[in-house]
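# Summary of structural features
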Amino acid sequence: MLTETNRIPSSDLLNLYHAQKAFFQEGHTRSYAFRLAQIKKLNDLVNKHQQNLMDALQKDLEKHAYEGLITELGPFFSEVKDTLKHLRSWMQPESVTTSLFNTPGSSEIIREPYGNVLVIAPWNYPFLLSFSPLLGAMAAGNCVILKPSEHAPHSAAAMAAIINQHFDPSYIHVIEGGVEETQALLNTRWDYIFFTGGTAIGKIIYKAAAEHLTPVTLELGGKSPCVVHKDANLKLAAKRIAWGKWINSGQTCLAPDYLFVQADIKQKFIQYLSDAIHAYYGADPIKSPDYGKIINYRHYERLKSYLSQGRITTGGKCDDRLMRIEPTIMEQVSADSPVMQEEIFGPILPIYTYDKIDEVYAFINKREKPLASYLFSASSAVQKQFLAEISSGGVSINDTVMHITSSQMPFGGVGQSGIGGYHGKYSFDTFSHKKSVLRRGIQPLDTIFRFPPYNMKLLKMMKELLKRFL
Ligand code: NAD
């Protein structure tokens, strides 16, 4: 955990940075064998330290070990498995067609590591959102400095113990710290920065990266809408929405932020949602061991202040000592109130109703593009229209959150909810520069069209050629 004694002085930070630069330049991370061995080692260490990590998640967020397993360690193990299975083929040069003007010749795309990568992580899924990008960066052959969130200090310490005690610091290293340390890291020139966090800080990171033209991935947040059409399987919709909203006490970047329900099913649907809450967390959810706490007092107070911005239909109970807020449904919330202007990132769900779905599209499209959008409807026409009308980072239809679990699809935002995406092969690609290589023979077979001097006859022939082949 970060204390005055383990704060890393900036001179040490610079030494570490230069050591990583040299390590990369020396080419240690390039081979398949090295990457494979290091990823296996990381996997074994996480396996061995599972209990420490679970304990840390419990201390930081009161996350139940089961939830820790299915939302943090499990997805990491699954990504490792996928990476180990495919890494060799991901690393192969990709042959592509050679254009007519470059014949004879061959063309390929080589994925080369960027070099020195900085990963900055948030507190809400402190392990997964640190180790998943770390894994992608290692697979692509980079050196990495990982800066976990200071707001989940036990998880940060557990991750630092895994990495810093077992890996060469010239290869990968964890720096524990807050704003000051992150700013110091940002003053240095990186080959790639991968940031997960809020949009406001994302802009700070982007500006710092721009100083050096460093490419970035920004995994940000936003207000992810969820729409329930009356033709949906309502009980199932309620179960899936309640899970996606209240897992991790609503502190999930792509949790449904607010709900639109068709007016004639509202009462019934709120009842189903309330039933789902109690089925998951019992009669008094605030005391449930399966339901976590708010990360810190600042966020707890922020969330509490939202409770007066509408009429509470379900929940609303708070415990200042435990920093817990019951799963809460609110109605009659003004679209101008802070709860609807800011990302909620907590267990409060405002509900609106609509008669015609066009009203919903107008409401959503007046706002920034969200990280996720959700629709519950049995109609393929409504689904098709929803996908055409709403731009968001990703979508689950008839579910919430679950699209993030696929290693076959990139996970990321659009507009204010982020830049870039990752997971599976997309992680590998994110941390690789795609180098286009044209290979020509040494035989002097060049077209007559290429070199000066030019003349009108050539011009005419070229126009003909372009018409025919392009
Ligand atoms: P945050 O932006 O406050 O912090 C993220 C990281 O940035 C932390 O490591 C922190 O130390 C660092 N940081 C904070 N202030 C900084 C500054 N002034 N200069 C430099 N670095 C700074 O985010 P958070 O509170 O940890 O997480 C919550 C936000 O993250 C929410 O908006 C949520 O939607 C978003 N999020 C997005 C994803 C995603 O995958 N898209 C996942 C989880 C969380």
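Everything here concerns the structure above.
First things first, this report covers the structure right here in the doc. This structure is a prediction, so every number in the text was calculated from the model and none was measured.

### Some words on the overall build of the chain
In terms of helices and strands, the chain carries 16 helices and 18 strands. Compactness check: the chain gives a C-alpha radius of gyration of 25 Å against a globular reference of 23 Å for 470 residues, within 12% of the reference. If you line up the chain on its principal axes, its C-alpha atoms span 80 × 60 × 40 Å. A separation threshold of at least 6 residues defines the contact pool for the chain, and within that pool the share at least 24 residues apart is 71%. A total of about 21,500 Å² of accessible surface is found on the chain, and carbon and sulfur atoms cover 56% of it. Here the chain holds 50 positive side-chain charges and 45 negative ones, and the gap between their average locations is 8 Å.

### Digging into the side chain of Asn124
Here Asn124 is to be found in the loop between strand E3 (116-120) and helix H5 (128-139). If sequence neighbours within four positions are ignored, Asn124 has contacts with Leu61, Lys63, Glu72, Leu129, Asn248, Gln251, Thr252, Cys253 and Phe345.

### Some thoughts on the sheet that holds strand E2 (residues 105-113)
Two orientations exist for strands paired in a sheet by backbone hydrogen bonds: parallel and antiparallel. A sheet is described by the order of its strands in space; here 3 strands give the open sequence E1-E2-E18, paired in antiparallel fashion. What marks the edges here is a single partner per strand, and that holds for strand E1 (94-96) and strand E18 (432-440). Between one strand axis and the next, the sheet turns by 30° as a mean value, whatever way the strands run. As paired strands, E2 and E18 are joined by 9 bridges and run antiparallel to one another. Within E18, the position partnered with Ser107 by the bridge is Leu438.

### Brief notes about the site of the ligand
In the neighbourhood of the ligand, 27 residues make up the surrounding shell, with Ala121, Lys147, Glu150, Leu220 and Glu343 lying closest. Here Glu343 contributes a side-chain N or O atom positioned 2.5 Å from an oxygen atom of the ligand. Within the complex, the protein chains bury 92% of what would otherwise be the 840 Å² of accessible surface of the ligand. When each cavity is represented as a set of grid points, the ligand is found to reside in the largest pocket. Elements that contribute at least two residues to the shell around the ligand include exactly helix H7 (179-186), strand E6 (192-196) and helix H8 (199-211).

### Side note on the sheet that holds strand E14 (residues 348-354)
Ordered in space as E10-E13-E14-E9-E8-E15-E16, the 7 strands form an open sheet in which the pairing is mixed. The open sheet has two edge strands with one neighbour each: strand E10 (311-314) and strand E16 (394-397). Each strand axis lies, on average, 25° off the axis of its neighbour in the sheet, ignoring direction. Relative to strand E15 (residues 372-376), strand E8 (residues 224-228) is paired through 3 bridges, and the arrangement is parallel. Within E15, the residue paired with Val228 across the bridge is Phe376. Relative to the sheet, helix H10 (residues 266-281) contacts E8, strand E9 (256-262), E10, strand E13 (328-331) and E14, its axis offset from that of E9 by approximately 140°. Along the sheet, helix H14 (residues 380-389) makes contact with E8, E15 and E16, crossing E15 at roughly 165°.

### What about the pairing of E2?
Alignment of E1 against E2, held across 3 bridges, turns out to be antiparallel. Its bridge partner being in E2, Glu94 is matched across the sheet by Ile109.

### A word on empty space enclosed by the protein
Applying the stated criterion across every chain yields a total of 2 cavities of 30 Å³ or more. In terms of lining, the largest cavity is formed by Gly222, Ser224, Lys245, Gly250, Thr252, Cys253, Ala255, Pro256, Asp257, Glu343, Phe345 and Gly346. Classifying every residue of the lining of the largest cavity by side-chain character gives 4 nonpolar, 5 polar and 3 charged. Roughly 40 Å³ of volume is contained in the second largest cavity. Lining the second largest cavity are Glu79, Thr83, Trp90, Ser132, Leu135, Gly136, Ala139, Gly424, Ser427 and Phe428. At the level of secondary structure, the elements contributing two or more residues to the lining of the second largest cavity comprise helix H4 (65-91), H5 and helix H15 (425-430).

### What to know about H10
Helical periodicity: at 3.6 residues per turn, an α-helix aligns residues three or four positions apart in one direction. An ideal rise of 1.5 Å per residue puts 22 Å on 16 residues; H10 measures up with 22 Å between its terminal C-alpha atoms. Listing the buried residues of H10 in full gives Lys266, Phe269, Ile270, Leu273, Ser274, Ala276, Ile277 and Tyr281. In a view along the axis of H10, the buried residues occupy a sector of 155°, so they form one face of it. Looking at H10, the residues exposed on the side facing more than 90 degrees away from the buried face are Gln267 and Ala279. Contacts made by the buried residues of H10 are with E8, helix H9 (234-246), E9, E10, E13 and E14. Just past H10, the residue Gly282 takes up positive phi, approximately 80°.

What counts and what doesn't
- Residues numbered from 1 in each chain as written.
- Predicted model: local features only at pLDDT ≥ 70, side-chain atom pairs only at ≥ 80, totals over all residues.
- Heavy atoms only, no water.
- Helix = DSSP H or I, 4+ residues; strand = E, 2+ residues; numbered from the N terminus.
- Rg over C-alpha atoms; globule rule 2.2 N^0.38 Å.
- Contact = heavy atoms within 4.5 Å.
- Areas by Shrake-Rupley, 256 points an atom, 1.4 Å probe, with all protein chains shown as cover.
- Lys, Arg positive; Asp, Glu negative; His and termini not counted.
- Charge placed at Lys NZ, Arg CZ, Asp CG, Glu CD.
- Pairing = 2+ DSSP bridges.
- Axes fitted to C-alpha atoms, helices over the stretch in contact; angles between N-to-C directions.
- Near = heavy atom within 4 Å.
- Polar contact = N/O pair within 3.5 Å; in protein donor to acceptor, adjacent residues only side chain to side chain.
- 1 Å grid on protein atoms, 1.4 Å probe; cavity = no way out; pocket = protein on both sides within 12 Å on 5 of 7 lines; lining within 4 Å.
- Sits in = over half its atoms within 2 Å of the grid points.
- Points joined across faces, edges and corners; volume = space filled by probe spheres on them.
- Nonpolar A, V, L, I, M, F, W, Y, C, P; charged D, E, K, R; others polar.
- Expected span 1.5 Å × (residues − 1).
- Buried < 20%, exposed > 50% of the residue type's maximum accessible area, 1.4 Å probe, protein only.
- Arc of directions from axis to C-beta.

Any functional reading would require information beyond the geometric quantities listed.
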